[in-house]
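Chain residues, written in single-letter form:
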Amino acid sequence: MAWIFASATVSVTEIFSEPMRAVSSATVLVFEPAAVHGSALITDATASRIARGELIAFGAVPARTILPASANASPSSLTLAPSIASASANAVGSASPTSYVPARPADPAAGVLTDSAQQLCYPSAFVFDPARGADVFQPALLAEMRGMTLLSNAAVVPPAQLREFVAENPKVIADLIYSPPSAVRAGSWWSSLSEAQQTSLVSAAPEVIGNLEGVPMSVRDRANRTYLTESMDALVDRLERGVGRGVQRDLLRTLRMLRAVEDALGTEKSVPERHLLTLDTVYPGRAAIALGDLSSADYVSYIVPGMFITIDEQIGDWTDAAARLYAEQASFEAVFEEEATVATVAWIGYHTPHVMNVGGRELAEQGANYLANSLDGIRAIRASDEPHVSVIAHSYGSTAALMALTDGAKADALALVGSPGSAAQHVSELAVPADDVYVGEAGWDPIVDSAFFGSDPGAASFGAKKLSVAGSIDRLTGKALSGSTGHNEYFSPGTEAMRNMALIGIDKGQWVTEGTALDAQKTLALAG
């Protein structure tokens, strides 16, 4: 028989002892009487195991909405929570445990797991108040938490108090969004909540739910649109009440940015449908708009921008570029007589650089982190039916994408245009199939061949395939394709660059032109 000991001083988050896995059916979860309130929140999985008798709970179980706690515990006795008494009585009776195996969490605040760990409970942001005879929410405790611990507690905080907490702790929320729990764990957590809890969280903390990878896209869209409207209304209200000239300038700048996002979302009649997947309302902001249905599309393409592509000035243009890519891909599906569906994402999910800071890697590192989270998110929500995911990255955005794809993020195809490179020296270092990495370089583009950030993706030694952007005749449709010149024409309509990037996004790389005599053979005959 194995015992796991939980108390207010030993915050149980994980079991790291490998032998525990072998005796999990005979494991007893023991709660110290002094920890009846405020020690931990039991996970739903743990509660289910207790209810089924697979995990025996001995002592007064901490408060949790699905498991009523015993209020009769005292330092001199252990009492069994009534809701699980029948499941545990035969196994342990009233005997006291003779040995304890303390939990040793790697990070009690974050609830970090290892592959061999078994999640039982999280530290709680509630403390029992004897005067009230009830658990009382402690914002200071929640502010110290991270990851799943923070989310699990947020789900049981009263809506009004949660809204106040979010408003007063912007850094805690920003840290959660930048370093979230894995999309798989966040998705599992969301699915475990009741409909009432989900609705409450979307209402009380839309900026959290809207930016949390692993939550269904439709829910995030609803949350972000709610947050967008609330933020604009709050800005207008402040301006109407009167503020100083400097504050007025900043408020108007932020309002202009948010209105640009609203405009880029189009209307209910926009085709394809648009969804707001990311929204950061703090200037210069971040946003990602999906075109098409990410929950069912067979092919999903993220387009990642570089320098000067900002929310307030270019979110509309970048969304238009994603719309053109969507249209190109859909038209090619018709050419190939396939019934596959597509979706594209106008992703400005990081702060792009300007001329004064483009020489540093810091923003690329942040972009890589956010992009990796996004790629993990789409795979998490589509785990049983993964789409073909492509990343199409321009300029400094290609540096961010390369960083992400050398540090754990995965994609099925990668197209780099106007790239200053990264530390990666060869396609084999990327979590992308080597045959599905493409590089396009336009004439008179001062960035290509620079290897400014450590490598030249267009060099033969890098191992990528060439993506022609010079202009030609499309052998599939007979249309004349324009060439791209300079650094900013890769996404222009009617270009060979856009045509080739569309084909890469729908896994038709064999028809991507390279600017050689072999292009004449890239007709529909290849499909036979």
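Description of the structure in this document. (Residues numbered from 1 in each chain as written. Predicted model: local features only at pLDDT ≥ 70, side-chain atom pairs only at ≥ 80, totals over all residues. Heavy atoms only, no water.)

### Let's talk about the overall build of the chain
The following threshold applies: The secondary structure listing takes helices from DSSP runs of H or I that are at least 4 residues long and strands from runs of E that are at least 2 residues long, numbered from the N terminus. Residue exposure (1.4 Å probe, protein chains only): buried if accessible area is under 20% of the type maximum, exposed if over 50%, otherwise partly exposed. Contact between two residues is taken to exist if any of their heavy atoms lie within 4.5 Å; hydrogens are not considered. Using the Shrake-Rupley algorithm and a 1.4 Å probe, accessible areas are obtained, with residue cover drawn only from the displayed protein chains.
The secondary structure content of the chain amounts to 16 helices and 18 strands. In the chain, buried positions account for 51% of the 528 residues. When contacts within the chain are restricted to residue pairs at least 6 apart in sequence, those whose partners lie at least 24 apart make up 67%. Surface exposure of the chain reaches about 22,600 Å², of which carbon and sulfur atoms provide 53%.

### Side note on the layout of surface pockets
Selection criterion: Using a grid of 1 Å spacing that covers the protein atoms alone, one calls a set of points a cavity when a 1.4 Å probe fits there but cannot get out, and a pocket when the set is open and has protein on both sides within 12 Å along at least five of seven lines; lining residues are those with an atom within 4 Å of a point. Grid points are joined across faces, edges and corners, and a volume is the space filled by probe spheres set on the points. Three categories are distinguished: nonpolar for Ala, Val, Leu, Ile, Met, Phe, Trp, Tyr, Cys and Pro, charged for Asp, Glu, Lys and Arg, and polar for the others, with Gly belonging to the last.
In this model, the largest pocket occupies a volume close to 870 Å³. Pro170, Glu207, Tyr227, Thr281 and Val282 are, among the 29 residues lining the largest pocket, the residues nearest its centre. The set of elements that each furnish at least two residues to the lining of the largest pocket consists of helix 6 (159-168), helix 7 (170-178), helix 10 (206-209), helix 11 (217-241), helix 12 (245-264), strand 9 (274-280) and helix 14 (362-381). If one sorts the elements of the lining of the largest pocket by residue count, helix 11 sits on top with 6 residues. Within the lining of the largest pocket, the residues separate by chemical class into 17 nonpolar, 6 polar and 6 charged.

### Looking at the nonpolar core
What counts is decided by this rule: Side-chain atoms within 4.5 Å are what join buried Ala, Val, Leu, Ile, Met, Phe, Trp, Tyr and Cys residues into a set we call a nonpolar core.
Membership of the largest hydrophobic core comes to 76 residues, with the highest contact counts inside it found for Trp189, Ile209 and Leu294. Here the element with the most residues in this core is helix 14; it accounts for 8 residues. Aside from chain neighbours lying at most four places away, what touches Trp189 is Met148, Leu151, Ser152, Ala155, Leu201, Ile209 and Leu212. Counting residues in each nonpolar core, the second largest holds 54 residues, with Tyr227, Tyr299, Tyr490 and Val512 among its members.

### Focus on the environment of Arg324
Tracing the sequence through the fold places Arg324 in helix 13 (residues 311-335). For Arg324, a relative accessible area of 28% corresponds to the partly exposed category. Along the backbone, Arg324 and Ser492 are 168 residues apart, and their C-alpha atoms lie at a distance of 8.8 Å. Those residues in contact with Arg324 that sit more than four places away from it in its chain are Phe491, Ser492, Pro493 and Met498.

### Here's the deal with the sheet that holds strand 16 (residues 465-466)
What counts is decided by this rule: Strands qualify as paired when DSSP identifies two bridges or more between them.
Spatially, 8 strands are ordered 9-10-12-11-13-14-15-16 in an open sheet, and the strand pairing comes out mixed. Strands with a single pairing partner mark the edges of an open sheet, and in this sheet they are strand 9 and strand 16. Relative to strand 13 (residues 388-394), strand 11 (residues 299-304) runs parallel, the two being bridged by 6 bridges. Counted as the bridge partner of Val300 is Val389 from strand 13.

### What to know about the pairing of strand 11
Note the threshold: The definition of a right-handed crossover adopted here requires that, viewed with the strands pointing away, the path from the first strand over the helix to the second runs clockwise.
Burial analysis of strand 11 places 6 of its 6 residues in the buried class, the great majority of the element. Here strand 11 shows two buried faces, one formed by Tyr299, Ser301 and Ile303 and the other by Val300, Tyr302 and Val304. Regarding topology, helix 13 serves as the crossover connection from strand 11 to the parallel strand 12 (residues 342-348), and that connection is right-handed.

### Here we look at helix 8 (residues 183-192)
How we decide: Here, the arc refers to the directions that run from the helix axis to the C-beta atoms.
Looking at helix 8, one finds that the buried residues are Ala183, Ala186, Gly187, Trp189 and Trp190. The arc enclosing the buried residues of helix 8, seen along the axis, measures out at 160°, which places them on a common side. When the buried face of helix 8 is taken as reference, the exposed residues oriented beyond 90 degrees from it are Val184 and Ser191. Its buried side turned inward, helix 8 meets helix 5 (147-154), helix 9 (195-204), helix 10, helix 11 and helix 14.

### What about unusual backbone geometry?
A cis amide bond, omega 0°, links Val271 with the succeeding residue Pro272. Mapped onto the fold, Pro272 is located in the loop between helix 12 and strand 9. Non-glycine residue Ser395 carries a positive phi angle of around 55°. Take Ser395: it is sitting in the loop between strand 13 and helix 15 (396-405).

### A few points about the environment of Ala413
One can find Ala413 in strand 14 (residues 413-417). Not counting residues within four places of it along the chain, the set of residues in contact with Ala413 comprises His388, Val389, Ser390, Val391, Val432, Asp436 and Ile504.

### Re the environment of Ser192
Threshold: Throughout this description, a polar contact denotes any pair of N or O atoms lying within 3.5 Å of each other; where both atoms belong to protein, one of them has to be capable of donating a hydrogen while the other can accept it, and for residues adjacent in sequence the pair is counted only when both atoms sit in side chains.
Within the secondary structure layout, Ser192 lies in helix 8. Judged by relative accessible area, which is 34%, Ser192 ranks as partly exposed. Among the polar contacts made by the side chain of Ser192, one reaches the main-chain carbonyl oxygen of Trp189 at a distance of 2.6 Å.

### A short note on the side chain of Lys522
Relative to the elements of secondary structure, Lys522 occurs in the segment after helix 16 (496-505). Here the side chain of Lys522 touches Val512 through a polar contact of 2.5 Å, landing on its backbone oxygen. Ignoring anything within four residues of it in the chain, the contact list for Lys522 reads Arg475, Leu476, Gln510, Trp511, Val512, Thr513 and Glu514.

### Some points on a nonpolar patch on the surface
Quick reminder of the rule: Nonpolar side chains (Val, Leu, Ile, Met, Phe, Trp, Tyr) are joined into patches within 5 Å and like charges within 9 Å, using only residues with over 30% relative accessible area and no salt bridge. When a carboxyl oxygen of Asp or Glu lies within 4 Å of a side-chain nitrogen of Lys or Arg, that pair is called a salt bridge.
Taken together, the side chains of Phe308, Val355 and Met356 make up a nonpolar region of the molecular surface, amounting to roughly 360 Å² of accessible area. On the accessibility criterion, Phe308 (43% relative accessible area) is partly exposed.

### Thoughts on the packing of helix 6 against helix 7
Inclusion rule: Axes, fitted as lines to C-alpha atoms, cover a helix only where it is in contact. Angles between the N-to-C directions of the axes lie from 0 to 180 degrees. Here is the rule for angles: anything less than 35 degrees is roughly parallel, anything more than 145 is roughly antiparallel, 65 through 115 is roughly perpendicular, and the remaining ranges are oblique.
Contact geometry for helix 6 and helix 7: axes closest at 5 Å, N-to-C directions at 90°. Judged by the inter-axis angle, helix 6 sits roughly perpendicular to helix 7. On the side of helix 6, the interface is formed by Phe165, Val166, Ala167 and Glu168, while helix 7 contributes Pro170, Val172 and Ile173. Residue composition of the contact of helix 6 with helix 7, grouped by class: 6 nonpolar, no polar and 1 charged.

### Overview of the pairing of strand 14
Here strand 14 lies mainly inside the structure; 5 of its 5 residues are buried. A two-sided burial pattern is seen for strand 14, the buried positions comprising Ala413, Ala415 and Val417 on one face and Leu414 and Leu416 on the other. Taken together, the 5 bridges between strand 13 and strand 14 define a ladder with parallel strand orientation. When the sheet's bridge partners are listed, Ile392 is paired in strand 14 with Ala415. After leaving strand 13, the chain enters helix 15 and then returns to the sheet as strand 14, a path that is right-handed. Pairing of strand 14 with strand 15 (residues 437-440), which is carried by 4 bridges, proceeds in the parallel orientation. Its bridge partner being in strand 15, Leu416 is matched across the sheet by Val439.

### Considering the pattern of salt bridges
Applying the stated rule across the entire model yields 16 salt bridges. One salt bridge in this structure joins Glu213 and Arg220, with 2.9 Å as the shortest N-O distance. The exposure classification of Glu213 matches that of Arg220, with both residues buried. A salt bridge links Lys522 to Glu514, with the nearest nitrogen and oxygen atoms 4.0 Å apart. Among the residues examined, Lys522 registers a relative accessible area of 10% and is labelled buried.

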